[in-house]
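A structural walkthrough
Here are the chains, one letter per residue:
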Amino acid sequence: MRRLKTTPDKPVTMDTLRERLAASDSGPQYWRSLDELADTEAFGDYLHSEFPRWAPIWQQAVDRRSVLKLMAASMALTGVTACDRAPAGKIVPYVNMPESVTLGQVSQYATAAAVGGYAHGILAESREGRPIKIEGNPDHPATHGSCDVFSQASVLSLYDPDRSDTVRRVGEISTFPAFLIALQAHRTQWDDSGGDGLCLLTGKLTSPSQIAAIEAMRQRWPAMRWFVHEPGDSAAPIAGARMAFGRAVEPRYHFDKAQVVCSLDADFLGLLPGYLHYARDFVSLRRLREEQPNMNRLYSIDATPSITSAAADHRQRVPGDRLEGVARALASELGIAVDAGSEMAVDRQWLQALAQDLQAHQGEALVLAGPHLPPAVQALVYAINEALQAPGRTVEYQEPVAVGHEADGLADLSKAIDAGQVDTLLMLDCNPVYTAAGDLDFPTRLQTVPLRIHWGLYFDESAHYAHWHVPATHALEAWGDMRAFEGTASLVQPLITPLYHGRTALQMLHAITAGEETDARALLRGFWRKQRPDTFDQQWTRWLQQGVVPDTAAAVVDVSMVEDWQTRLPESQPPEEGLLLQFRVDPSVWDGHHANNGWLQELPKPLTKLTWGNAALLSPALAQKHKLREGDVIRLTVAQRSLEAPVYVLPGQPDNAVTLNLGYGRSAAGQVGNGVGVNAYLLRSSAAPWLLPGLTIEATGAHRQLATTQNHRATEGRDQIRVADLATFKDKPQFAQKDEDTPQESLYPEPYVRNRLSAYQWGMSIDLNACIGCNACITACQSENNIPIVGEAEVARGHEMHWIRVDRYFEGQPEAPRLVFQPVPCMHCENAPCEYVCPTGATQHSADGLNQMVYNRCIGTRDCSQNCPYKVRAFNWFLYNGPKARHPTPPPVQNPSVTVRARGVMEKCTYCVQRIQAAKIEHAKTDEPIRDGEIVTACQQACPTDAIVFGDISDDTTQVARTKRSPRNYAMLGNLNTRPRTTYLAAVRNPNPAIEELERGPQYREMGHATD
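Residues numbered from 1 in each chain as written. Predicted model: local features only at pLDDT ≥ 70, side-chain atom pairs only at ≥ 80, totals over all residues. Heavy atoms only, no water.

**What to know about the overall build of the protein**
Looking only at helices and strands, the protein features 32 helices and 38 strands. Among the 1012 residues that make up the protein, the fraction classed as buried is 61%. The contacts in the protein between residues at least 6 apart in sequence include a share of 74% that link residues at least 24 apart. Summing over all exposed atoms, the protein offers an accessible surface of approximately 40400 Å²; the carbon and sulfur share of this is 49%. (Helix = DSSP H or I, 4+ residues; strand = E, 2+ residues; numbered from the N terminus. Buried < 20%, exposed > 50% of the residue type's maximum accessible area, 1.4 Å probe, protein only. Contact = heavy atoms within 4.5 Å. Areas by Shrake-Rupley, 256 points an atom, 1.4 Å probe, with all protein chains shown as cover.)

Pasting the structure below:
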């Protein structure tokens, strides 16, 4: 975005923002925050000071004493601290080393991690017997080699010192044999009564062996009741299927066959089950090829911005309670006989253009609804897809993967407790005291149950209310199984002996049923031996190696709409007036399950860039109406329950809807997660868990500083983003390349040339058309490179340490802007501005083109950071992993191939030089060249859409060299003649010409719609 004249004293209003947009130069205008767009004094602090929280020091008169203090602090942070010696320690030899272990060699094991109850196939890396890194399993149908942030960060949770480490009886330390003895009398009582009064509470279960164990319990005790509580899930899609098809099925989408996609508040790129698989398929039709420059088109009609809506070619913001009306209107436009209602939340001409585009792509169109939307919306979407001939092409229907969708929920359990029907409650891997809706007052009810047993990874909020608590094993130290989103069974195998003497789910269920402890591996093998008796002995080892059991995907079901499905729809009801409160699963900590994981707490959320907490998301217009700014604390009141939360103003948010993420406000998560954010569950309703009308907000007068990175490492609005529509690309393929990007002539040899010192020249290309902003690259880099956690206060000061950031830019009016993401690692410039200003030669250029950091030379002057136009360097202000650190990273999780940096040194992306060197060493043994694609950086390996390509750019045959020859290739800030090794492929949108014409019309703007 080009800089405009500053008007710091003028209040930031919607009119002010529009004036600044209108006053800018012609052409696209990109901005990272409303502060940047308005050029506020707060944003000026970020621009004019590398460390904004210290800015007031320089704006006031400084006396002699203050100067001496600052000089002493500078000495402490540079010359002295940079020379800190490593802590003294003894070197202990590795005795009794297993024969299968080779020092320095990585061993990989195929296993699985649960995300929302479904299996994500992973490869867990182990070094000398300790897991240190998670990668995606290329043989797994849900991941295809990519990885998500939750699976990546799970290795940190393995070593969490706050995990439960012992059996507890009423909070006191006990033993598992004592638990079995105490349970014996109750087991006899259940045998006599058939299990009357025995109740089981679990989350969503996809584990075949666990389900079989529960069924064995129900056969032994027929009166036992099973309740299911998954706070981040909804049974609406299956309920809608019953309404539409007369039976329980669930959809499986094929985005690789869909030329036109319409999402009704369905975040299929970020949170929907199978999102890694769906992201890969969706982006596969957005990759522009010179021989066939065509791409799919995405429409998003949603209630709050998401990474899916950010990828949309057209977006409409609609409050959640009006989405049913949109679904009815769209169905009516497609010729389906339903009551379309009288109130239109979307412009009718816009909707007609959408319907025409869908009809023009019969058999290649797809409409999907978010799982949190009501069953009526789900049924309408099923009918729309049938009208578009989508079944069997872009969508299939399968038997439900998760068992328990027909089970009663937490509200039914509460009623059973009130009726005195619950004598014993077994809570397995769930935390209802924290996640129960506020209207249930579940903690009070729970205390009336005579016997309460809890099994879980932490001594959490529910464990505090239990008579008995049994610690669970972590997924990386357990035997088990679970199913992927499409039903394929995945095996879970341990990499390490349980660190805290936990039990697996199978062991716990068997102990309750049989009253004895059994080996977890024997239980799992026993189950699968019964499933495949003929081939088990020959195939078991192969299943473990691949991580999946073949031929176990859910059966595809051929269904059609029942004749009277329209009569099953409820009558169309007009939405209530006033504000709407919307709940969402958090993209960093999910439903609170990962609240004690520092990597995830410090991970900037894709849209808000918030870390360490949640906030009430308001639109700019709603914030202006109530005179609120970012960080102001408001009181949200709905259904006679109130909660105070800070405000975050999010462009693109509907004006009369407030969104609050779940997963924060924990009181027994651990040292990392306790007291972070606000507990949105307190406002939730058991009858309407996702949408609550009748919300009122009022300012409390308090203000809370939010740890957000949205303005950090800003590059003063210089031209970094290149985006065009498909028509422009076809007319001018080189639109991203500008005259000022042409490198200046140099006396030195051309870059990327092989020389006698190195046979390779490394470089990277990032496709902005494929990047969806999922943040997987950030967590992968943090895990691979021992990047420390700095904490909320340090992030707020701009001291976050991530080596790669994903900038998100808005373009257009603040009511409904377009978004684009841009990952920014180190550029590894040929003419690196950082290198010639370092007084100690700590930053140098390698023979193969890497901009290197020599840590033991760095004295912390930070000259390189100040001279870097890309702002990709991080400075170790404190000993973030030292003995006094608030959130130190446990040493066992640290990668031994990467230096753990000390205080007072600068650090940055290295292109994962340790992986490069490992490949060189291996190939030096055989004197064979490194093959293209053999070296994969951590960020590249995690990316679900293959947006990042790395390799030898001096070899014209490599993928990265071919990518850099694309007409969309450009260098960020290429006019500076830094000649970066990291370049980008410009983004391309595929808008509908009919809708573009409509949005440019004055009548559309007069109706209150924002123009792009």
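**Section: the pattern of salt bridges**
By the definition in use, this model includes 35 salt bridges. R529 is the partner of D537 in a salt bridge, and the nearest nitrogen-oxygen pair spans 2.9 Å. With a relative accessible area of 55%, D537 lands in the exposed category. Shared partners join several salt bridges into a network, and the residues in it are K133, E135, E784 and R915. (Salt bridge = Lys/Arg side-chain N within 4 Å of Asp/Glu carboxyl O.)

**Re the sheet that holds strand 11 (residues 297-302)**
Strand order in the open sheet formed by 4 strands is 12-11-10-13, with parallel pairing between adjacent strands. Whereas interior strands pair on both sides, the edge strands pair on one side only; in this sheet they are strand 12 (314-317) and strand 13 (365-369). Here the average twist between neighbouring strands, direction ignored, is 10°. Where strand 10 (residues 260-264) and strand 13 come together, 5 bridges link them in parallel fashion. Directly across from V261, in strand 13, lies its bridge partner L366. (Pairing = 2+ DSSP bridges. Axes fitted to C-alpha atoms, helices over the stretch in contact; angles between N-to-C directions.)

**Points about the nonpolar core**
In this structure, F268, I301, L581 and L636 are the most contacted members of the largest nonpolar core, which totals 224 residues. When residues in this core are grouped by element, the largest group, 8 residues, is from helix 14 (residues 375-387). Aside from chain neighbours lying at most four places away, what touches L581 is L636, V638, V658, L660, L683, W690, L691, L692 and L695. In terms of nonpolar packing, the next biggest core, distinct from the first, is built from 46 residues, V167, L180, L183 and W479 among them. (Core = buried A, V, L, I, M, F, W, Y, C linked by side-chain atoms within 4.5 Å.)

**Side note on the packing of helix 13 (residues 348-359) against helix 31 (residues 993-1000)**
Between helix 13 and helix 31, the shortest axis-to-axis distance is 9 Å and the interhelical angle comes to 170°. Between helix 13 and helix 31, the crossing angle belongs to the class labelled roughly antiparallel. Across from Q349, W350, A353 and L354 in helix 13, the residues of helix 31 making contact are A994, I995, L998 and E999. (Parallel < 35°, antiparallel > 145°, perpendicular 65-115°, else oblique.)

**Quick look at the environment of F536**
Turning to its location among the elements, F536 is positioned in helix 20 (residues 536-546). With 11 residues separating them along the chain, F536 and R525 place their C-alpha atoms 8.8 Å apart.

**Section: the confidence of the model for the protein**
Averaged over every residue, the pLDDT of the protein is 88; the share at 70 or more is 87%. The low-confidence segment residues 51-62, where pLDDT is below 50, has 20 contacts with residues more than four positions distant or belonging to other chains. This model gives residues 73-83 a pLDDT under 50, and the stretch forms 15 contacts once residues within four places in sequence are excluded. (pLDDT = per-residue confidence, 0-100.)

**Some thoughts on the packing of helix 18 (residues 505-514) against helix 19 (residues 520-531)**
For the pair helix 18 and helix 19, interaxial distance at closest approach is 9 Å and the crossing angle is 85°. Our classification of the angle between helix 18 and helix 19 gives roughly perpendicular. Between helix 18 and helix 19, the contacting residues are L506, Q507 and H510 on the first element and A520, L523 and L524 on the second.

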